[in-house]
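# Examining the three-dimensional arrangement
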Amino acid sequence: MKHKYYYHLVFLITVILIMSLDQLTKRVAENTLFFNESFEILGNYIRLSYVENTGAAFGILKDKKIILISISIIAVIWIIWYYLKTTEIDIVEMGAMAIIIGGALGNLYDRIFRGYVVDFFDVGINSYRWPAFNIADISISLSICIWIVYSVYKDIKKKQSHSVS
């Protein structure tokens, strides 16, 4: 079994990689796309569109910078606390937590230093569009889903092993 510090290092590297990928793609979008103009990737279904988002997902809490920064900081601290206190954590949960933190820090950086989050993925059909999003949003959303599904799976497996015993 590897030493616990090895896992902490992998956790930290994952956080840094996700945050760096998020920031890099945002800077590329910022420097190559015009504000509120779209570049088609897959017809009208997937486009790149530069958007400055002052809210959270779906535009909620628009222009509530302090609230959004506070929520992000609390979420990151809670996940780190949970990660450090949990003794039965495995690689899937660890990865999900690290990816969530990396995404949260990517958007937090934008909110603190820019006053808005850069979004650029634009998905939809004709005028029916999903709100623009970025790598941090994808990382957070997918990792939360993975973490929840995996936690339910682990609980079911644990209950099944206890009922067989």
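Residues numbered from 1 in each chain as written. Predicted model: local features only at pLDDT ≥ 70, side-chain atom pairs only at ≥ 80, totals over all residues. Heavy atoms only, no water.

## Focus on the layout of surface pockets
Size it by volume and the largest pocket reaches roughly 820 Å³. As for the largest pocket, its lining consists of 36 residues, of which Ala56, Ala57, Asn107, Asp137 and Ile140 are closest to the centre. Taken together, the elements giving at least two residues each to the lining of the largest pocket come down to strand S2 (46-53), helix H2 (65-85), helix H3 (91-113), strand S3 (117-125) and helix H4 (135-164). Its residues assigned to classes, the lining of the largest pocket comprises 23 nonpolar, eight polar and five charged. (1 Å grid on protein atoms, 1.4 Å probe; cavity = no way out; pocket = protein on both sides within 12 Å on 5 of 7 lines; lining within 4 Å. Points joined across faces, edges and corners; volume = space filled by probe spheres on them. Helix = DSSP H or I, 4+ residues; strand = E, 2+ residues; numbered from the N terminus. Nonpolar A, V, L, I, M, F, W, Y, C, P; charged D, E, K, R; others polar.)

## What to know about the pairing of S2
With four bridges connecting them, strand S1 (residues 38-42) and S2 associate as antiparallel partners. Within S2, the residue paired with Glu40 across the bridge is Arg47. Taken together, S1 and the strand that follows it, S2, pair antiparallel across an intervening segment of three residues, in which Gly43 is found at a positive phi of about 60 degrees. (Pairing = 2+ DSSP bridges.)

## A few points about unusual backbone geometry
Its identity as a non-glycine residue notwithstanding, Leu61 has a phi of 55 degrees, on the positive side. In this fold, Leu61 is placed in the loop between S2 and H2. In the Ramachandran plot, Asp63 falls in the positive-phi region, its phi being about 65 degrees despite a non-glycine side chain. One can find Asp63 in the loop between S2 and H2.

## Considerations on the sheet that holds S3
Here we have four strands laid out as an open sheet, ordered S1-S2-S3-S4, and antiparallel in their pairing. Of all strands in the sheet, those with a lone pairing partner are S1 and strand S4 (128-129), marking the two edges. On the sheet, helix H1 (residues 4-32) packs against S2 and S3 and is oriented at approximately 80 degrees with respect to S3. (Contact = heavy atoms within 4.5 Å. Axes fitted to C-alpha atoms, helices over the stretch in contact; angles between N-to-C directions.)

## Considerations on the packing of aromatic side chains
For the structure on display, the rule yields nine aromatic pairs. An aromatic cluster of at least three residues, connected via ring pairs, comprises Trp78, Tyr82 and Trp147. (Phe/Tyr/Trp six-rings, centres within 6.5 Å; stacked < 30°, edge-to-face > 60°.)

## A short note on the packing of H1 against H3
Close contact between H1 and H3 brings their axes to 8 Å; oriented N to C, the two are set at 40 degrees. Taken together, the axes of H1 and H3 lie oblique to each other. In terms of crossing hand, the pair formed by H1 and H3 is right-handed. Along its contact with H1, which presents Tyr7, Val10, Phe11, Thr14, Val15, Ile18, Met19, Asp22, Gln23, Lys26 and Arg27, the element H3 presents Met94, Met97, Ala98, Ile99, Ile101, Gly102, Gly103, Leu105, Gly106, Asn107, Tyr109 and Asp110. Split by residue class, the contact of H1 with H3 holds 13 nonpolar, six polar and four charged. (Parallel < 35°, antiparallel > 145°, perpendicular 65-115°, else oblique. Left-handed = near helix turned anticlockwise from the far one by under 90°.)

## So, H3
Taking 1.5 Å per residue, 23 residues should reach 33 Å; H3 reaches 32 Å between its end C-alpha atoms and fits that length. Where H3 ends, the next residue or the one after it, Gly115, has phi of about 90 degrees, a positive value. (Expected span 1.5 Å × (residues − 1).)

## Observations regarding the packing of H2 against H3
Relative to each other, H2 and H3 sit at 155 degrees, their axes nearing to 10 Å. Comparing their axes, H3 and H2 come out roughly antiparallel. As H2 packs across H3, the resulting crossing turns out to be left-handed. In this structure, H2 contributes Lys65, Leu68, Ile69, Ser72, Ile73, Val76, Ile79, Ile80, Tyr82 and Tyr83 to the contact, and H3 contributes Met94, Met97, Ile100, Ile101, Ala104, Leu105, Leu108, Arg111 and Ile112. A class-by-class count of the residues in the contact of H2 with H3 yields 16 nonpolar, one polar and two charged.

## Considerations on the side chain of Ser49
Note that Ser49 resides in strand S2. One polar contact links Ser49 to Ser38, side chain to side chain, over a distance of 2.5 Å. Excluding its chain neighbours within four sequence positions, the residues that come into contact with Ser49 are Leu33, Glu37, Ser38, Asp119, Phe120 and Asp122. (Polar contact = N/O pair within 3.5 Å; in protein donor to acceptor, adjacent residues only side chain to side chain.)

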